[in-house]
Amino acid sequence: MKIFDKLYINGQWQASTGSQHAINNPATEQPCASSPLGTENDVVAAISAARAAFPAWSQTSAQQRCDYINAIADGMKERFNDLVDAVSITMGCPKNMTVDLHINSSIDGLRSFAERAFMMEKIDDHGGFKVLKEAIGVCTLINPWNYPLSQLVGKLGPALASGCTVVIKPAEQTPVQDFIMAEIVDKVGLPAGVFNLVSGSGRKLGATLCGHPEVDMVSFTGSTAAGIKVSEAAAPTIKRVCLELGGKSAYIITDDADLETAVNWGIEDIMINTGQTCNAHTRMLVPQSRYDEIVSLAKAAAEAIVVGDPLDENSFMGPMASASQKGIVLDYINKGLEEGARLVTGGTDMPTGVDCGAYVKPTIFADVNNQMAIAREEIFGPVLCMIPYRDIDHAVEIANDSVFGLSSAVYAKDSDSAMAIARRMRAGQCFIQGSFFSTDVPFGGYKQSGNGREWGDEGMSEYIEVKSIICP
Ligand code: NAD
């Protein structure tokens, strides 16, 4: 049982003025950790510390910030097993899978921002006029529970590299890796006030975190509903707001694609992390002419997935991250049945071999119409909707008929054909021919999936102001 009873503010572990919050292991439904429910006073103290630290930190050299970021990444390597346990135990991702999906990718992702610190020293010359880059200031970083370390690093990396100071608010269910990161930062000797951590309820602390006049920028990842509240709180003080929100992404498989490879990629993509991936391609758009064949391939691939204890090295899917998330997913499965979709596999029963925990079976619905709630709303669980299409124009029309635009995917005969379709998808990313996520390129959504970008140079730009020097 991990008990964190202090918050990290101004380079010190400080008692919170709030109560303790118990965190359950979703596989056992037993408490596995606890952390403070920070209060408004805690948030204000953290913002003041970040404000006080900003002038000196923003004037450090790029080399100093690069060295600090690399030292934090080294510290993450030293605490590797603790980070794996933190993510696996609190959100249920199988331990074997957590190693690369959550931890190694986060360490590499953080390091990618070390070199980007030097972007800040580059002065653009426009015919004698100069354009400089400066850190935007004090940033609030708010994250959800589904990729808790990676989402933290995708914000912390560019914030530190650009010279910003931060107040971090992890999700209530998964704060443990953030506390470990605070311990690492403390050991590395990052100047006091640069990194501040306040755990607690987003609903209660959101107005202060996002509305306080001493905060310059808010980077938020979470649901579209909470993103709207964040924007409203930030609006009166005209803060920059970077939103990374929900999705209902489409995956087009063409009739001349290598169907087995295409379908296997699609099933793995949706079921990985137990379906709790914001850019999972949860609507599989399938040519009518090969529908039955593709549904059979999908059923076989889903039924081959091993669901079980996160500590079992054979498990591909663990439990949902919480009992409440399981409840939401089961409600959607029932809704799909009521709407008349055909249940191909899965459903609301417990998977074979488990009798407690927040488990849900890999579930596939066929004969889904894009107007059904299960095709329009984000389920955030291992539930795939298979939607038939007549021709590519029809497929693209269905793909883009969504309020979301986070991601998209295409599997066609070859890369050139896939690329032609990718250009027509209204989403911030398109995975073609079974490719995988990379932190080297920008990630973010169109439409109600958000307005910002994380990772890559564009992810860094969110934390930067530009200043023009008008020369004589
Ligand atoms: P959530 O919106 O309920 O919570 C996310 C975070 O926001 C938590 O830390 C929570 O405490 C905080 N929060 C809640 N209300 C707030 C408010 N009014 N003001 C400020 N903060 C508030 O989302 P969740 O259920 O934790 O996460 C799942 C959602 O996150 C899904 O919609 C998923 O698609 C989305 N997500 C998006 C991305 C992306 O990069 N686009 C990545 C991962 C998850």
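Let me begin by describing the structure that accompanies this report. (Residues numbered from 1 in each chain as written. Predicted model: local features only at pLDDT ≥ 70, side-chain atom pairs only at ≥ 80, totals over all residues. Heavy atoms only, no water.)

Glancing now at the overall build of the protein chain. Looking only at helices and strands, the protein chain has 15 helices and 22 strands in total. For the protein chain, the C-alpha radius of gyration of 22 Å lies close to 23 Å, the compact-globule estimate for 472 residues. Overall size of the protein chain, expressed as C-alpha extent along the three principal axes, is 65 × 60 × 40 Å. Looking at the protein chain as a whole, 58% of its 472 residues qualify as buried. Partitioning the contacts of the protein chain with sequence separation of at least 6, the portion at a separation of at least 24 is 72%. (Helix = DSSP H or I, 4+ residues; strand = E, 2+ residues; numbered from the N terminus. Rg over C-alpha atoms; globule rule 2.2 N^0.38 Å. Buried < 20%, exposed > 50% of the residue type's maximum accessible area, 1.4 Å probe, protein only. Contact = heavy atoms within 4.5 Å.)

On to helix H2 (residues 62-78), then. In this model, H2 (17 residues) spans 24 Å end to end at C-alpha, consistent with the 24 Å of a helix rising 1.5 Å per residue. For H2, every residue scored as buried is listed here: Ala 62, Arg 65, Cys 66, Ile 69, Ile 72, Ala 73, Gly 75 and Met 76. The secondary structure elements touched by the buried residues of H2 are helix H1 (40-58), helix H3 (80-91), helix H4 (95-116), helix H5 (148-162) and helix H6 (176-188). (Expected span 1.5 Å × (residues − 1).)

With that out of the way, let us pick up the sheet that holds strand S22 (residues 464-469). Pairing is antiparallel across the open sheet formed by three strands, whose spatial order is S6-S7-S22. Strand pairing shows two members of the sheet lacking a second neighbour, strand S6 (124-126) and S22, which therefore form its edges. Put simply, the sheet's adjacent strands are angled 30° from each other on average, direction ignored. Of the pairings in the sheet, the one linking strand S7 (residues 129-135) to S22 comprises six bridges and is antiparallel in character. Residue pairing for S22: Ala 135 is matched across the bridge by Ile 464. (Pairing = 2+ DSSP bridges. Axes fitted to C-alpha atoms, helices over the stretch in contact; angles between N-to-C directions.)

Strand order across the open sheet formed by seven strands is S15-S16-S17-S14-S13-S19-S20, with mixed pairing between neighbours. If you trace the sheet from one side to the other, it starts and ends with strand S15 (342-345) and strand S20 (431-432), each paired once. As paired strands, strand S16 (residues 363-366) and strand S17 (residues 383-389) are joined by three bridges and run parallel to one another. Bridge pairing in S17 links Phe 365 to Cys 385. Here helix H9 (residues 259-271) sits on the sheet in contact with strand S13 (250-253), strand S14 (283-287), S16, S17, strand S19 (408-411) and S20, set at roughly 170° to S13.

Moving on, we get to the packing of helix H7 (residues 202-211) against helix H8 (residues 224-234). Look at H7 against H8: their axes get within 8 Å of each other, and the N-to-C directions meet at 45°. Here H7 lies oblique to H8, going by the angle between them. For the pair H7 and H8, the sense of crossing is right-handed. For the pair H7 and H8, contact is made by Gly 206, Ala 207, Cys 210 and Gly 211 and by Val 230, Ala 233 and Ala 234, respectively. (Parallel < 35°, antiparallel > 145°, perpendicular 65-115°, else oblique. Left-handed = near helix turned anticlockwise from the far one by under 90°.)

Quick look at the packing of H2 against H4 now. For the pair H2 and H4, the least separation of the axes is 8 Å and the interaxial angle reads 170°. It follows from the interaxial angle that H2 and H4 lie roughly antiparallel. Of H4, the residues touching H2 (which contributes Cys 66, Ile 69, Asn 70, Ile 72, Ala 73, Asp 74, Met 76 and Lys 77) are Asn 104, Ser 106, Ile 107, Leu 110, Arg 111, Phe 113, Ala 114 and Glu 115. Taken together, the residues that form the contact of H2 with H4 break down as nine nonpolar, three polar and four charged. (Nonpolar A, V, L, I, M, F, W, Y, C, P; charged D, E, K, R; others polar.)

This part takes up the site of the ligand. Around the ligand there are 28 residues in total, and Asn 143, Lys 169, Ser 223, Leu 245 and Glu 378 lie nearest to it. Contacts to the ligand include Glu 172, whose side-chain N or O atom sits 2.8 Å from an oxygen atom. Within the side chain of Ser 223, one N or O atom sits 2.6 Å away from an oxygen atom of the ligand. Coverage of the ligand by the protein chains reaches 88% of its 850 Å² of free accessible surface. Within the residue set of the shell around the ligand, elements represented by two or more residues are H7, strand S11 (217-221) and H8. (Near = heavy atom within 4 Å. Polar contact = N/O pair within 3.5 Å; in protein donor to acceptor, adjacent residues only side chain to side chain. Areas by Shrake-Rupley, 256 points an atom, 1.4 Å probe, with all protein chains shown as cover.)

Along the chain, the position of Lys 239 falls in the loop between H8 and strand S12 (240-244). The charged side chain of Lys 239 is buried without a salt bridge, its nearest counter-charge being Asp 216 at 6.8 Å. For Lys 239, the side chain forms a polar contact with the main-chain oxygen of Val 215, separated by 2.8 Å. Of the polar contacts made by the side chain of Lys 239, one reaches the side chain of Thr 237; its length is 2.9 Å. With residues near it in sequence (within four places) discarded, Lys 239 still touches Cys 210, Gly 211, His 212, Pro 213, Val 215, Asp 216, Val 218 and Ala 234. (Lys, Arg positive; Asp, Glu negative; His and termini not counted. Salt bridge = Lys/Arg side-chain N within 4 Å of Asp/Glu carboxyl O.)

Once that is clear, we can look at the packing of aromatic side chains. The final tally for this structure, using the stated rule, is ten aromatic pairs. Summarising the aromatic geometry, the rings of Tyr 8 and Trp 13 are spaced 5.0 Å apart at their centres and angled 55° between planes, so their arrangement reads as tilted. Pairwise contacts between aromatic rings join Phe 4, Tyr 8, Trp 13, Phe 179 and Phe 195 into one cluster. A cation over an aromatic ring shows up here: Arg 116 above the ring of Phe 113, its NZ or CZ 5.5 Å from the ring centre. (Phe/Tyr/Trp six-rings, centres within 6.5 Å; stacked < 30°, edge-to-face > 60°. Lys NZ or Arg CZ within 6 Å of the ring centre and 35° of its normal.)

With that settled, the discussion passes to the pairing of strand S5 (residues 30-36). The element S5 is extensively covered by neighbouring structure, given that five of its seven residues are classed as buried. Looking at chain direction, strand S1 (residues 2-3) and S5 are connected through two bridges and run parallel. Bridge pairing in S5 places Lys 2 opposite Ala 33. The hairpin turn running from strand S4 (residues 20-25) into S5, its antiparallel successor, is four residues long, and Glu 29 in that turn takes a positive phi close to 60°.

What follows deals with helix H13 (residues 392-400). Looking at H13, one finds that the buried residues are His 394, Ala 395, Val 396, Ile 398 and Ala 399. Buried residues in H13 make contact with S13, S14, S17 and helix H14 (415-422).

Moving on, we get to the state of the cysteines. Applying the stated criterion across every chain yields a total of zero disulfides. Cys 210 takes part in no disulfide bond, and the closest cysteine sulfur to it belongs to Cys 139, at a distance of 12 Å. (Disulfide = S-S within 2.5 Å.)

Once that is clear, we can look at a negative patch on the surface. On the surface, Asp 255, Asp 256, Asp 414 and Asp 416 cluster together into a patch of negative charge. Along the chain, Asp 256 turns up in the loop between S13 and H9. Owing to a relative accessible area of 42%, Asp 256 belongs among the partly exposed residues under this scheme. (Patch = residues over 30% accessible without salt bridge, like charges linked within 9 Å, V, L, I, M, F, W, Y side chains within 5 Å. Charge placed at Lys NZ, Arg CZ, Asp CG, Glu CD.)

Turning our eyes to something else, we now look at the environment of Glu 214. Mapped onto the elements of the fold, Glu 214 is located in the loop between H7 and S11. Beyond its immediate stretch of four places on either side in the chain, Glu 214 contacts Ile 47, Arg 51 and Val 138. There is a polar contact of 2.6 Å between the side chain of Glu 214 and the side chain of Arg 51.

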